[in-house]
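# Structural overview for review
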Amino acid sequence: MSIHCPECGLVNPEGANYCQRCGGFLSAQDPAADGPAATTAYRVDEETGELRAVELEDVVAGGAALVIRSGGGRAGESFPLEGERLTVGRRPDADIFLDDVTVSRDHALLVRRADGYHLDDCGSLNGTYVNRERVDSHLLSDGDELQIGKYKLTYLAR
């Protein structure tokens, strides 16, 4: 069964989560028929370099986190948000390093303020998007979908 994109109408293959043409979210026709959505998250073991599977509840147990949903072959990689200010970009020393030419070296900042984490664009060429809308600054809420270059990430805070 193929899935039609609600944004542009392109027919996408079964099991696709995002449209191949426009990147729009492809919702299941009957969510109850599919059962609960399953997501696998992982972290890179700093000593061995191997991938270690982690439960999403474990990822957010210590606070907020970002999970890569697609892009760069890194789907499922998670980043716990620790600290007051985290850099996001293509610069190798960025706190959240996204290595692709669609990501600016200094693309965005995640800043913890009194009301929660804010995503601030740093004047990136391709822009920063939250829930498919371009933003300069945005207060993140649990489940927000971020797009930074070709990477799609989900913000989790429970």
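Because the structure is a prediction, the values reported are computed rather than measured. (Residues numbered from 1 in each chain as written. Predicted model: local features only at pLDDT ≥ 70, side-chain atom pairs only at ≥ 80, totals over all residues. Heavy atoms only, no water.)

### Remarks on the overall build of the chain
This is how it is decided: The way it works is that DSSP assigns letters per residue, a run of H or I at least four long becomes a helix, a run of E at least two long becomes a strand, and they are numbered from the N terminus. Each residue is placed in one exposure class: buried if its accessible area under a 1.4 Å probe, protein chains only, is under 20% of its type's maximum, exposed if it is over 50%, and partly exposed if it falls in between. Contact definition: two residues touch when any of their heavy atoms are within 4.5 Å. All accessibility values rest on the Shrake-Rupley procedure with a 1.4 Å probe; residue burial counts only the protein chains present in the view.
Within the chain, the regular secondary structure consists of two helices and 15 strands. Burial statistics for the chain: of 158 residues in total, 40% are counted as buried. Considering only contacts within the chain whose residues lie at least 6 apart along the sequence, 32% involve residues at least 24 apart. Of the roughly 9,200 Å² that the chain leaves accessible, carbon and sulfur atoms contribute 47%.

### A short note on the nonpolar core
Generally speaking, a soluble globular protein has its nonpolar side chains buried in company with each other. Here is the rule we go by: Residues grouped as a nonpolar core are buried Ala, Val, Leu, Ile, Met, Phe, Trp, Tyr and Cys residues, joined through side-chain atoms within 4.5 Å.
With 22 residues, the main nonpolar core has Leu81 and Leu110 as its most contacted residues. Counting residues per element, the ones that place at least two in this core are strand S5 (65-70), strand S7 (85-89), strand S9 (108-113), strand S10 (116-121), strand S14 (145-148) and strand S15 (151-156). Ranked by residue count, the leading element in this core is S15, at three residues. Discounting chain neighbours no more than four positions away, the residues touching Leu81 are Ala64, Ala65, Leu66, Leu86, Ile96, Leu110, Tyr117 and Tyr155. If you look at the next biggest cluster of nonpolar residues, it comprises five residues, including Ile3, Cys5, Ala16 and Leu26.

### Observations regarding the pattern of salt bridges
Which entries qualify depends on this criterion: Any Lys or Arg side-chain nitrogen found within 4 Å of a carboxyl oxygen on Asp or Glu counts as a salt bridge.
As enumerated under the stated definition, the model contains five salt bridges in all. Of the charged contacts in the structure, one is a salt bridge between Arg112 and Glu84, with a shortest N-O distance of 3.4 Å. Of the two residues, Arg112 sits in strand S9 while Glu84 sits in the loop between strand S6 (78-80) and S7, which places them 28 residues apart along the sequence. With a relative accessible area of 51%, Glu84 lands in the exposed category. A salt bridge links Arg91 to Asp106; the shortest N-O distance between them is 2.8 Å. Placement of Arg91 in the loop between S7 and strand S8 (96-97) and of Asp106 in the loop between S8 and S9 is noted, with a sequence separation of 15 residues between them. On the basis of relative accessible area, Arg91 is assigned to the partly exposed category, the value being 33%.

### Quick word on the confidence of the model for the chain
We apply this condition: Each residue gets a pLDDT score, which is the predictor's confidence in that residue and runs from 0 to 100.
For the chain, mean pLDDT is 81; residues scoring 70 or higher make up 77% of the total. This stretch, residues 29-37, has a pLDDT under 50; its non-local contacts, to residues over four places away or in other chains, come to two contacts.

### Remarks on the sheet that holds S8
Condition: When DSSP finds two or more bridges between two strands, those strands count as paired.
The strand order across the open sheet built from five strands is S8-S7-S9-S10-S13, with neighbouring strands paired in mixed fashion. Every other strand in the sheet has two partners, leaving S8 and strand S13 (137-139) as the edge strands with one partner each. In the sheet, S7 pairs with S8 via two bridges, with the strands oriented parallel. Paired with Val88 across the strands is Ile96, a residue of S8.

### Some words on the side chain of Thr154
What counts is decided by this rule: Identification of polar contacts relies on pairs of N or O atoms within 3.5 Å, with a donor-acceptor requirement for protein atoms, meaning one able to donate a hydrogen and the other able to accept it, and with residues adjacent in sequence counted only if both atoms are side-chain atoms.
As for its position among the elements, Thr154 is in strand S15. Side-chain polar atoms of Thr154 contact the side chain of Arg69, separated by 2.8 Å. Excluding its chain neighbours within four sequence positions, the residues that come into contact with Thr154 are Ala65, Leu66, Val67, Arg69, Gly143 and Asp144.

### Structural notes on the sheet that holds strand S12 (residues 133-135)
Basically, it comes down to this: Convention adopted: a line fitted to C-alpha atoms gives each axis, helices being fitted over their contacting stretch, and angles between N-to-C directions are expressed from 0 to 180 degrees.
The antiparallel open sheet is built from six strands, whose spatial order is S6-S5-S15-S14-S11-S12. Every interior strand has two partners, whereas the edge strands, S6 and S12, have only one. Neighbour-to-neighbour, the strand axes of the sheet open up by a mean angle of 30°, direction not taken into account. When strand S11 (residues 128-130) meets S12, the two strands line up antiparallel, connected through three bridges. Residue pairing in the sheet places Tyr129 in a bridge with Arg134 of S12.

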